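Fold and contact review
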Amino acid sequence: MKIEVALIGNPNMGKSLIFNNLTGGRAHVGNWPGKIVEKKTGRCTHKGVEMEIVDLPGTYSLTANSIDELIARNYIVEEKPDVVIDVVEASNLERNLYITLQLLELEANIVIALNKWDVAQDLGYEIDLKELSNLLGVPVVPTVAIARKGMEELKDAVSEAAGAKGKKKMPSVSYGGKIDELVSRMARVLMMDEELSGVYPVRWLAVKILEGDGEVLRLIEKSPVRQDVLRIASEARDVLEEDPEAVLAERRYSIISEILKKVMRGARPLTLSDLLDKALLSRRLRIPIFLALWWALFRFTYDVSALFSDLIDMLFSWLGGLASTQIDNPQLASLVADGIFGGLGGVLVFLPPIFFLFFGLSILEDSGYLARAAFVMDRVMYKIGLHGRSFIPMLIGFGCNVPAVMATRTIDRDEDRILTILTNPLMSCSARLPIYILIGSAVLGSYASTPCTCLGSLSQL
Amino acid sequence: MRIEGGGALKRRLMDMGLVRRLAEMGFTRGARVRVLHSGPPGPVLVMVRGSRVALGRGVAMKVLVSPLGVA
């Protein structure tokens, strides 16, 4: 048996770790068609069941707010994976279950991986797994991805869920009297358009139309039932006396609160994270801390990589020297020594700084500081016409502009994203140093060293 | 001005897209919010439904709250 499994969840919940654990780290990385968003797929075999696992972008919601959300949503609606693993942070159920409710609405075949289970227990939460699974109508598996705990159980639950697909009744999300009635009425109308109802769950379509979801409204543009649907939607606005999108979100959160009241006990103490936030964001300390951390990052990059760059440099000059002494033909010797070894060496010396810069950046990112840095820099970025979130791509631009442009996908407004992408090449990336030296020495001759050092230190510090 | 303690969310004044976006982040009627950090003129860090959310000052100004007393 071969099944298709999708992984979804909020960012930073350990989704990628679970993906790596399940697939053994062997992933095929590509792009979503026509998008600059990374698509990761991998495989694993569990008790004779072959699983093709797709890692969807991390999102908080499944509305059409950003490319990531749209990709995740379209994948689930259109590709209809056999099982969707919803990675949920055990210590932050309230926020995380929001996407779970949206998945239920999409009629996805869900298995919940309740990750960071150990953290939740350390914080003193008591979660009734059986009751949670009952109330949501989906299997729940506690996991600790970082310690590879719960992975076998998760695979068991996935293959079991895949076997039960289409057999069990799908649990549905109830929004209460008036809204449910409107949704069912609209769903009945939508059923008549077979082209739509063949692909999309009609109740989901109805809910999204009530919410005024742009993508879904485009879907029904050519539908023969469009008039009737829009009539019910405008009726809904009158009946509800308030914006339906706000009411629906409110209802989802109150459903979650009801569930949590029944399954969870334990209070949230002031965590280390709260204390750190106080220091990192305090008005007097945030700029010094910010500058100190970036200085440390570039210092670390430069100092550690200098050693490796020197080693690479030495290796290639030795190889070049070897070649020029061993080869008799002076032209051939020059080609091998200056051309091949010299050229390779000239490029490869820049590998260590790029590698260590990204290493440092990923540590900062995992520590959560990058999110704080965006917060601290918001005002400054705003002044120069960019978004607080543009800051991280700009910073990565010091290392290399390609991943920097890729990092802009978290910016949700198209205009902000394009502006960030267009200004990003102005950040001086580390690989430009040789160009500065080349042009500098061609134009300024022996005076080139000072301006080159200045430009270089701008990009390397 | 710093808002300390908690506040119950009352009403929002803004366009549709923002209403939905905020509602999805947990800013719904009656939700308890707590300002963790606010250094004008920069953005505001708010605790809502167990998550820390950073809001631009302009957006944060549009969220109307009423005080719940000292938490």
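This next bit is on the overall build of chain A. Per the secondary structure count, chain A includes 22 helices and nine strands. Counting only C-alpha atoms, chain A reaches 85 × 55 × 50 Å along its principal axes. Taking all 461 residues of chain A together, 47% fall into the buried category. Contacts spanning at least 24 positions in sequence make up 69% of the contacts within chain A whose residues lie at least 6 apart. With an accessible surface of roughly 23,000 Å², chain A has 60% of that area assigned to carbon and sulfur atoms. The average position of the 49 basic charges and that of the 56 acidic charges among the side chains of chain A differ by 2 Å.

A count of helices and strands for chain B gives two helices and five strands. For chain B, the N- to C-terminal ordering of α and β elements is β-α-β-β-β-α-β. The buried share among the 71 residues of chain B stands at 51%. Considering only intrachain contacts with a sequence separation of at least 6, the fraction spanning at least 24 residues in chain B is 46%. Within the structure as shown, chain B displays about 3,600 Å² of accessible surface, and the carbon and sulfur contribution to it stands at 60%.

Our focus in this paragraph is the domain arrangement of chain A. Residues and elements named next belong to chain A. Segmenting chain A into domains produces domain 1 (2–164), domain 2 (177–268) and domain 3 (286–376 + 431–460). Inter-centroid distance (C-alpha atoms) of domain 1 to domain 2 is 24 Å. When domain 1 packs against domain 2, close to 2,500 Å² is buried across both sides, 63% of that on carbon and sulfur atoms. Here domain 1 and domain 2 share two salt bridges between them. In this structure, Arg73 engages Asp213 in a salt bridge whose closest nitrogen and oxygen atoms are separated by 2.8 Å. The tally of links from domain 1 across to domain 2 stands at five residue pairs in polar contact (both at pLDDT 80 or more). Looking at which element gives the most residues to the side of domain 1 that touches domain 2, the answer is helix α3 (residues 93–105), with eight residues. Of the residues in the side of domain 1 that touches domain 2, the class split is 15 nonpolar, four polar and ten charged.

Attention shifts here to the side chain of Asn92(A). Following the sequence through the fold, Asn92(A) ends up in the loop between β5 (83–89) and α3. Those residues in contact with Asn92(A), other than ones at most four positions away along the chain, are Arg49(B), Gly50(B) and Ser51(B).

Before going further, it helps to examine the pattern of salt bridges. A side chain with one charge may pair with a side chain of the opposite charge, provided their charged atoms come close. All names here are of chain A. Scanning the model with the defined rule gives 17 salt bridges over all chains in all. Among the salt bridges present, the one from Lys116 reaches Glu89, with a minimum N-O distance of 3.8 Å. Linking Lys116 in the loop between β6 (110–115) and α4 (117–122) with Glu89 in strand β5, this pair joins segments that are 27 residues apart in sequence. Taking the relative accessible area as the measure of exposure, Glu89 reaches 14% and is therefore buried. Where salt bridges share partners, they join Glu105, Lys208, Glu211 and Arg252 into one cluster.

With that settled, consider the interface of chain B and chain A. With 26 residues of chain B at the contact, the number on the chain A side is 35 residues. Buried surface at the junction of chain B and chain A, both sides included, amounts to about 2,700 Å², of which 47% is carbon and sulfur. Considering only the surface of chain B that becomes buried against chain A, Arg20(B), Glu24(B) and Arg49(B) emerge as the three largest contributors, covering 27% of it. One can count one salt bridge joining chain B with chain A. Two residues, Glu94(A) and Arg49(B), come together in a salt bridge whose shortest N-O distance is 2.9 Å. Linking chain B with chain A are four residue pairs in polar contact (both at pLDDT 80 or more), by the criterion used here. Contributions of two or more residues to the side of chain B that touches chain A are made by α1 (16–25), β3 (44–48) and β4 (51–55) of chain B. Among the elements that make up the side of chain B that touches chain A, the one with the highest residue count is α1(B) (seven residues). Of the residues belonging to the side of chain B that touches chain A, the class tally is twelve nonpolar, seven polar and seven charged.

Calculation notes
Residues numbered from 1 in each chain as written. Chains lettered and ligands numbered in written order. Predicted model: local features only at pLDDT ≥ 70, side-chain atom pairs only at ≥ 80, totals over all residues. Heavy atoms only, no water. Helix = DSSP H or I, 4+ residues; strand = E, 2+ residues; numbered from the N terminus. Buried < 20%, exposed > 50% of the residue type's maximum accessible area, 1.4 Å probe, protein only. Contact = heavy atoms within 4.5 Å. Areas by Shrake-Rupley, 256 points an atom, 1.4 Å probe, with all protein chains shown as cover. Lys, Arg positive; Asp, Glu negative; His and termini not counted. Charge placed at Lys NZ, Arg CZ, Asp CG, Glu CD. Domains from an automatic or database assignment. Buried area = accessible area lost by both parts, 1.4 Å probe. Salt bridge = Lys/Arg side-chain N within 4 Å of Asp/Glu carboxyl O. Polar contact = N/O pair within 3.5 Å; in protein donor to acceptor, adjacent residues only side chain to side chain. Nonpolar A, V, L, I, M, F, W, Y, C, P; charged D, E, K, R; others polar.

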